[in-house]
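# Inside the fold
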Amino acid sequence: LGMRMLVKDGRLPQEEVILLTSQFLNLFLLPIIIFESGWSLKHFNFMSQLEYINVFAVLGTLISFGVVGFIGTWLGEAGYHVVKSRRSNFVFAALISAVDPVATLATFSKLGLDSSQPLLHTMIFGESVVNDAVAIVLFSTINEGWDELNWYTATCDISWLLFGSAGFGIFLSAVLILLMRVLGLPGKSCPMVIFFASSAWFIYAAAEGNGFSGIIANLCAGSMFKMYGSKHLDHEGLEMATGFLEVMGHMCDALVFILVGICCAFIDGVSGPYFAAFAIVLCMLGRALSTMGCAFISNSMKTCMNGPENQRITARHQVIMWWSGLRGGIALVLVLQIGSWCKEKQALVNATFLVICCTLLLLGSTTEKMLDVCGFKETTSAESARSVEDTERSMPAEASADSAEELMDDSAREAESESQSITRKSLMGHIGKANIKTKFYVGLHKFWIYVLVGDEESNKEKRKKKSEFLHSRKKEAAPAQSLSWKPARDFA
């Protein structure tokens, strides 16, 4: 309320507040949120569904974008709402296509569905991250280069942003992890934890400065640091880093919603209430059509590639994915960055704020009930018990595999057993070890272990010797002289 009064009185320039808000979200909050998401990601689950996630994130976003843009333009030209310009309708369609299912994923974690329903959790989380980059490309193209817009340039920009950003994030994080290996830093020091966290901002800024997506680059960097950078930490250091990143991620998430509240100061009157109502309906319609269409394509791809039956995206999966189409901070930042060309900007800001609030309140608060209706809560305990039995049955096979590999060197055997353990517990394990995709990802994992980690036992021994050396040096150092006031009294 105070900020609204300051903006209305002219003491606080609205343009400067908007710039500060968007930059604070982009440069401070998003890097650590995305990095922590990559850190806590179940990596082999994500990679096993990568091509299907891209179908939902790219094609699904384009379907939702087209539904909101074309129907919104038609309704505006027919006089049903105040946003009549085609460009304004499509720029709104682009920014509102960015989904942020934070409430859905929080409910998943609370109910343990992230472990018992890995396919559903992986698809929703993976789509939300990659989808942001697609929405940002569409928005930037319409907001800044409307006259040059065509399907070819948009497709090239999206492909370059996705694959180029991923490669940039992987390369830069690999360089930083290799630096840790060369320096042989202690495995539980606070500076190492700070190095992990500061890498999030560094990689995000470097990616954005070179024309890539900081979101995609940071997601890949967080995954690389967790899978390979954490190997240079001992148990205490890993817990310290995980706890710190988790706390920072939750704090930044909370600040995003505080920014949503601050943006109430920019809502001027009730401009375009009908447009906001139509926007909510069109978002739900576009989400439904994109979910059904992409699920059909993904299931067809899995059938053609002889994928496991238990990884099909069923009707109840689609219902939850449709219900998880919440909007959040990305849409808010983008709408504030719309240029002066847009005469209906105030109506778009109001509509975006209302869409965010309605989806959070209506969809986010009813996620648990919808999961119950679809039968996911009832199967949680049964599937958890079944996964424990499967793990117990697989133990003899794993033991025989380990005994057959005794002639391998320590580092290769450790990478092999780790890869088998990870794939057995993940969606990748259901695909089968003979599958080409599984072999590729396991081979890639071994390569990064060899380059970035090396022999873990040797690394642990080096860290132990360094710690003992530092401890002995502290004991040998002369104790600091205690302060005394006697010389001062002698002077007196």
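Parameters at a glance
Residues numbered from 1 in each chain as written. Predicted model: local features only at pLDDT ≥ 70, side-chain atom pairs only at ≥ 80, totals over all residues. Heavy atoms only, no water. Helix = DSSP H or I, 4+ residues; strand = E, 2+ residues; numbered from the N terminus. Buried < 20%, exposed > 50% of the residue type's maximum accessible area, 1.4 Å probe, protein only. Contact = heavy atoms within 4.5 Å. Axes fitted to C-alpha atoms, helices over the stretch in contact; angles between N-to-C directions. Left-handed = near helix turned anticlockwise from the far one by under 90°. Nonpolar A, V, L, I, M, F, W, Y, C, P; charged D, E, K, R; others polar. Phe/Tyr/Trp six-rings, centres within 6.5 Å; stacked < 30°, edge-to-face > 60°. Lys NZ or Arg CZ within 6 Å of the ring centre and 35° of its normal. Patch = residues over 30% accessible without salt bridge, like charges linked within 9 Å, V, L, I, M, F, W, Y side chains within 5 Å. Areas by Shrake-Rupley, 256 points an atom, 1.4 Å probe, with all protein chains shown as cover. Salt bridge = Lys/Arg side-chain N within 4 Å of Asp/Glu carboxyl O. pLDDT = per-residue confidence, 0-100.

Our focus in this paragraph is the overall build of the chain. Along the chain, the regular secondary structure elements total 23 helices and zero strands. Every one of the 492 residues in the chain was classed for burial, and the buried ones make up 49%. In the chain, once contacts between residues fewer than 6 apart in sequence are set aside, the share between residues at least 24 apart is 83%.

Helix H14 (residues 315-323) packs onto helix H13 (residues 273-304) with a crossing angle of 145° between their chain directions and a minimal axis gap of 9 Å. For the pair H13 and H14, the sense of crossing is right-handed. Seen from H13, the contacting residues are Met-284, Arg-287, Ala-288, Thr-291, Met-292 and Ala-295; seen from H14, they are Gln-318, Met-321 and Trp-322. Here the residues of the contact of H13 with H14 are counted per class, giving six nonpolar, two polar and one charged.

On inspection of all chains with the given rule, the structure shows 16 aromatic pairs. Where Trp-39 meets Phe-196, the ring centres are 5.7 Å apart and the plane angle is 75°; that geometry is what we call edge-to-face. Of this pair, Trp-39 sits in helix H2 (residues 14-40) while Phe-196 sits in helix H10 (residues 190-209); the two residues are 157 residues apart in sequence, bridging distant segments of the chain. For Phe-196, a relative accessible area of 1% translates into the label buried. An aromatic cluster is built from Phe-35, Trp-39, Phe-195, Phe-196 and Phe-225, whose rings are joined through pairwise contacts. Over the ring of Tyr-52 we find Lys-302, and its NZ or CZ is 4.7 Å from the ring centre. Between the NZ or CZ atom of Arg-316 and the centre of the ring of Phe-376, over which it lies, the distance is 4.4 Å.

Residues Leu-178, Leu-179, Val-182 and Leu-183 make up a contiguous nonpolar surface patch of roughly 360 Å² in combined accessible area. Here Leu-183 shows up in helix H9 (residues 151-183).

Bringing the pattern of salt bridges into the picture now. One pass over the structure, following the stated rule, counts two salt bridges. With its nearest N and O atoms 2.7 Å apart, the salt bridge here joins Glu-127 to Arg-287. One end of the pair, Glu-127, is in helix H8 (residues 118-144); the other, Arg-287, is in helix H13, with 160 residues separating them in the sequence. Neither residue differs from the other here; Glu-127 and Arg-287 are each classed as buried. Between Arg-312 and Glu-309 there is a salt bridge, and its shortest N-O distance comes to 3.5 Å.

Take the environment of Glu-236 next. Structurally, the position occupied by Glu-236 is in helix H12 (residues 235-262). Taking C-alpha positions, Glu-236 is 9.3 Å from Ser-189, a pair spaced 47 residues apart along the chain.

This part is about the packing of H9 against helix H11 (residues 214-227). Where H9 contacts H11, the axes come no closer than 7 Å and their chain directions differ by 35°. Considering only the axes of H9 and H11, their crossing is right-handed. Seen from H9, the contacting residues are Leu-162, Ser-165, Ala-166, Gly-169, Ile-170, Ser-173, Ala-174, Leu-176, Ile-177 and Met-180; seen from H11, they are Ile-216, Ala-217, Cys-220, Ala-221, Met-224 and Phe-225. In terms of residue class, the contact of H9 with H11 is made up of 13 nonpolar, three polar and no charged.

Right, let's get into helix H15 (residues 329-336). Buried residues dominate H15, accounting for eight of its eight residues. All of the buried residues along H15 are Gly-329, Ile-330, Ala-331, Leu-332, Val-333, Leu-334, Val-335 and Leu-336.

Moving on, we come to the confidence of the model for the chain. Detailed reading of the predicted model is not advised wherever pLDDT is low. When pLDDT is averaged across the chain, the result is 77; 75% of the residues are at 70 or more. Confidence drops under a pLDDT of 50 for residues 384-424, and excluding neighbours within four residues, the segment shows 34 contacts in the predicted structure. A low-confidence stretch, residues 488-492 (pLDDT under 50), is modelled with zero contacts involving residues beyond four sequence positions or located in other chains.

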